Amino acid sequence: MSSVSELYDVSWEEMRDKLRKWREENYRNSEQIVDVGEELINEHASKLGDDIWIIYEQVMIAALDCSRDDLAWSCLQELKRQFPDSHRVKRLAGMRLEALERYEDANKLYDSILQDDPTNTAARKRKISILRAQGKSSEAIRELNEYLEQFVGDQEAWHELSELYINEHDYAKAAFCLEELMMTNPHNHLYCEQYAEVKYTQGGLENLELARKYFAQALKLNNRNMRALFGLYMSASHIAASPKVSAKVKKDNVKYAAWATSQISRAYQMAGRGKKENKCSVKAVEEMLESMQITMS
Amino acid sequence: MGEVELSCLAYAKMYLHASQFPRCSVNGLLLSSSPAGGAVCITDCVPLLHTHLSLAPITQLALTQVDVWCLQTQQRIVGYYQANACVSDSSPTPCALKIAEKIFEQCNNAVLLMIDGEKMFPGGRVPPIVVYERKDGRWALKDKHTIMLRQWEETCSIVNQLLSSGDQGLLVDFDSHLDDITKDWTNQKLNAKILKLVSPANGNV
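Computed from a predicted structure; not experimentally measured.

(A) Examining the packing of aromatic side chains more closely. All names here are of chain A. Inspection of the entire model under this criterion finds eleven aromatic pairs over all chains. Summarising the aromatic geometry, the rings of tryptophan 158 and phenylalanine 176 are spaced 6.1 Å apart at their centres and angled 65° between planes, so their arrangement reads as edge-to-face. Taken together, the positions of tryptophan 158 in helix α10 (residues 155–167) and phenylalanine 176 in helix α11 (residues 171–184) put the pair 18 residues apart, joining distant regions of the chain. Residue classification places phenylalanine 176 among the partly exposed positions, given a relative accessible area of 44%. A centroid spacing of 6.2 Å and a plane angle of 65° characterise the contact between phenylalanine 230 and tyrosine 268, whose relative ring orientation is edge-to-face. With phenylalanine 230 in helix α14 (residues 226–241) and tyrosine 268 in helix α15 (residues 247–272), the pair connects residues that are 38 residues apart, well separated along the chain. Aromatic ring contacts, followed pair by pair, group Trp53, Tyr56 and Phe83 into a single cluster.

Quick look at the structure:
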């Protein structure tokens with residue numbers, strides 16, 4: 001079996017830089033991280049300097065994700081040896097217990113961290129993740145709400161909470177979380193688009209109009225967001241088809257829908273250029289837009 | 001009720017879809033190219049989402065697009081499948097029931113198929129699926145004996161082959177298509193690859 005460096009013709013420095021990129025952008029491409037990281041650790045540990053500790057941590061977490069307990073264990077041992085009393089390493093030990101589904105033992109470990117340091121957010125979040133893994137959604141939601149009362153700026157937590165609410169079909173509360181995220185991240189087109197999707201799902205004329213506005217906002221921030229484009233088309237079409245709207249509102253929304261249609265067709269035409277197999281999708285979209293117009297008019 | 005037959009192609013793609021996103025709930029539609037009436041032959045499937053399964057807009061969009069594609073290719077939507085992120089719970093979620101209900105409105109022997117993540121592992125001898133049908137106004141477990149997977153051994157080995165060559169990465173679901181519309185959610189290339197493995201000329205039978 002050839003090594004990563006052989007297969008992809010990369011140097012150990014490039015491998016180290018790739019790991020850093022994945023770390024900084026929080027990618028969860030665990031299989032790749034394990035492949036690259038394991039080789040880096042085994043073959044080039046001495047060259048990595050102090051970077052090696054953060055790499056051990058990154059590879060350990062990825063190893064847990066891929067059920068590579070052997071690799072996770074050896075990384076953990078190195079970290080334990082180097083940082084014997086560290087809470088950060090203890091949390092990693094806890095994550096390993098979680099991966100082995102030893103949730104009670106993991107919780108005991110996190111509780112001991114919190115006894116020592118009640119402000120340790122990482123341990124608190126792991127406890128919430130355990131609730132989620134056990135399918136205890138309402139408890140996870142309750143704990144996460146309590147957490148956010150204290151740590152109101154934690155974006156990751158707000159997003160996690162919005163996901164939990166969406167799964168529980170509590171769209172109003174999911175919308176609230178997304179509103180928080182949009183306020184603190186006004187340039188993030190994904191939050192706008194998710195908010196619009198939640199509003200659309202809630203239904204009713206007011207929500208549809210909000211949905212359309214936020215799909216439009218998402219497009220302003222990123223004009224290649226296809227979900228937002230389709231969302232704009234669908235919400236505008238539904239509003240235009242509603243018997244409750246004024247003639248002006250109907251006219252405006254017909255215009256928005258028409259604009260969206262032309263953008264969608266254009267995008268698919270560009271995508272389909274020179275690709276034979278995409279004819280299926282392109283044709284399907286054309287007919288779909290036609291059929292949707294018929295059902296919504 | 002009637003018999004349900006699940007083709008190797010449909011099974012393989014569902015399995016690959018669940019394998020491609022092990023940390024997410026995934027869902028998709030089950031299609032048939034056989035005429036209505038008699039046994040339900042699931043000949044293909046379209047993988048749909050791996051994010052926000054319960055949000056309406058993208059689901060509606062996907063259903064409409066698949067509808068149109070089915071008309072063009074003489075197929076019908078005959079069912080719905082879902083694999084929950086939480087492996088220990090393979091019961092249908094409200095969103096699964098809702099979509100299955102919609103399909104049932106157009107197809108009176110529609111099936112709802114839940115993938116049982118706990119039974120998915122290499123060398124698993126039992127198909128990791130739980131099938132429901134509409135009976136007396138609710139979705140009830142279907143009698144296992146009415147569910148056919150022809151050439152089960154062959155199907156298993158084909159799936160293992162695909163997984164070991166990492167082919168779940170080739171599968172395109174509707175979500176991935178929206179991220180990059182040059183990707184083909186009808187999976188023509190992957191279909192061809194799988195069908196080649198299935199054909200008797202392969203000497204696998």
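(B) Just helix α3 (residues 30–44) of chain A, in detail. Residues and elements named next belong to chain A. Taking 1.5 Å of rise per residue, 15 residues should cover 21 Å, and α3 covers 20 Å from first to last C-alpha, within 8% of that figure. Along α3, the residues classified as buried are Ser30, Ile33, Val34, Val36, Gly37, Glu39, Leu40, Ile41 and His44. Where the residues of α3 are buried, they touch α1 (4–8), α2 (12–24), α4 (51–65) and α5 (69–82).

(C) Inspection of the UniProt feature "domain: EMC2 TPR-like" (unreviewed entry) in chain A at higher detail. UniProt feature "domain: EMC2 TPR-like" (unreviewed entry): in the numbering of this structure it lies at residues 90–199 of chain A. Along residues 90–199 of chain A the backbone is 81% helical and 0% strand, and the end-to-end C-alpha distance reaches 41 Å.

(D) Spotlight on the interface of chain A and chain B. Facing 36 residues of chain A, the contacting portion of chain B comprises 29 residues. Of the roughly 2800 Å² buried between chain A and chain B on both sides combined, carbon and sulfur atoms contribute 61%. For the pair chain A and chain B, the interface holds three salt bridges. Here arginine 227 of chain A makes a salt bridge to aspartate 179 of chain B, at a shortest N to O gap of 2.9 Å. Connecting chain A to chain B are nine residue pairs in polar contact (both at pLDDT 80 or more). Those elements that provide at least two residues to the side of chain A that touches chain B are α3, α10, α12 (189–202), α14, α15 and α16 (279–296) of chain A. Ranked by residues supplied to the side of chain A that touches chain B, first place goes to α16 of chain A with nine residues. Its residues assigned to classes, the side of chain A that touches chain B comprises 17 nonpolar, nine polar and ten charged.

(E) Up close: the environment of glutamate 101 of chain A. Residues and elements named next belong to chain A. The topology assignment puts glutamate 101 in the loop between α6 (87–99) and α7 (103–116). When its relative accessible area of 58% is taken as the criterion, glutamate 101 is described as exposed. Sequence separation between glutamate 101 and alanine 216 is 115 residues, and the spatial gap between their C-alpha atoms is 44 Å.

(F) Highlighting the sheet that holds strand β8 (residues 138–141) of chain B. Residues and elements named next belong to chain B. Pairing in this open sheet of six strands is mixed, and the strands run β4-β2-β5-β6-β7-β8 from one edge to the other. The strands lining the two open edges of the sheet, one partner per strand, are β4 (44–49) and β8. Here the average twist between neighbouring strands, direction ignored, is 30°. One ladder, built from five bridges, connects strand β5 (residues 76–83) with strand β6 (residues 111–115); its direction is parallel. The residue bridging glutamine 82 from the neighbouring strand is methionine 114, located in β6. Across the sheet, helix α2 (residues 56–73) is in contact with β2 (26–32), β4 and β5; its angle to β4 comes to roughly 155°. The strands that helix α3 (residues 94–106) touches are β2, β5, β6, β7 (129–135) and β8; relative to β5, the one it contacts most, it runs at about 170°.

(G) Representation of the UniProt feature "domain: MPN" (unreviewed entry) in chain B. The sites that UniProt annotates as "domain: MPN" (unreviewed entry) are residues 4–138 of chain B. In this annotation, residues 4–138 of chain B is assigned 33% helix and 30% strand; the end-to-end C-alpha distance for the span is 18 Å.

(H) Local environment of the pattern of salt bridges. All names here are of chain A. Under the definition given, this model contains 28 salt bridges over all chains. For arginine 88, the salt bridge identified is with glutamate 57, shortest N-O distance 2.7 Å. With arginine 88 in helix α6 and glutamate 57 in helix α4, this residue pair connects regions lying 31 residues apart in the sequence. Look at glutamate 57 and you get buried, because its relative accessible area is 12%.

(I) The arrangement of the UniProt feature "repeat: TPR" (unreviewed entry) in chain A in detail. According to UniProt, the "repeat: TPR" (unreviewed entry) feature falls on residues 155–188 of chain A. For residues 155–188 of chain A, helix accounts for 79% and strand for 0%, while the C-alpha atoms at its two ends are 12 Å apart.

(J) Highlighting the confidence of the model for chain B. Averaged over every residue, the pLDDT of chain B is 90; the share at 70 or more is 97%. Here the complex is predicted with pTM 0.90, and the ipTM for its interfaces comes to 0.91.

Parameters at a glance
Residues numbered from 1 in each chain as written. Chains lettered and ligands numbered in written order. Predicted model: local features only at pLDDT ≥ 70, side-chain atom pairs only at ≥ 80, totals over all residues. Heavy atoms only, no water. Phe/Tyr/Trp six-rings, centres within 6.5 Å; stacked < 30°, edge-to-face > 60°. Helix = DSSP H or I, 4+ residues; strand = E, 2+ residues; numbered from the N terminus. Buried < 20%, exposed > 50% of the residue type's maximum accessible area, 1.4 Å probe, protein only. Expected span 1.5 Å × (residues − 1). Contact = heavy atoms within 4.5 Å. UniProt positions renumbered as here; feature names shortened; annotations may be inferred. Buried area = accessible area lost by both parts, 1.4 Å probe. Salt bridge = Lys/Arg side-chain N within 4 Å of Asp/Glu carboxyl O. Polar contact = N/O pair within 3.5 Å; in protein donor to acceptor, adjacent residues only side chain to side chain. Nonpolar A, V, L, I, M, F, W, Y, C, P; charged D, E, K, R; others polar. Pairing = 2+ DSSP bridges. Axes fitted to C-alpha atoms, helices over the stretch in contact; angles between N-to-C directions. pLDDT = per-residue confidence, 0-100.

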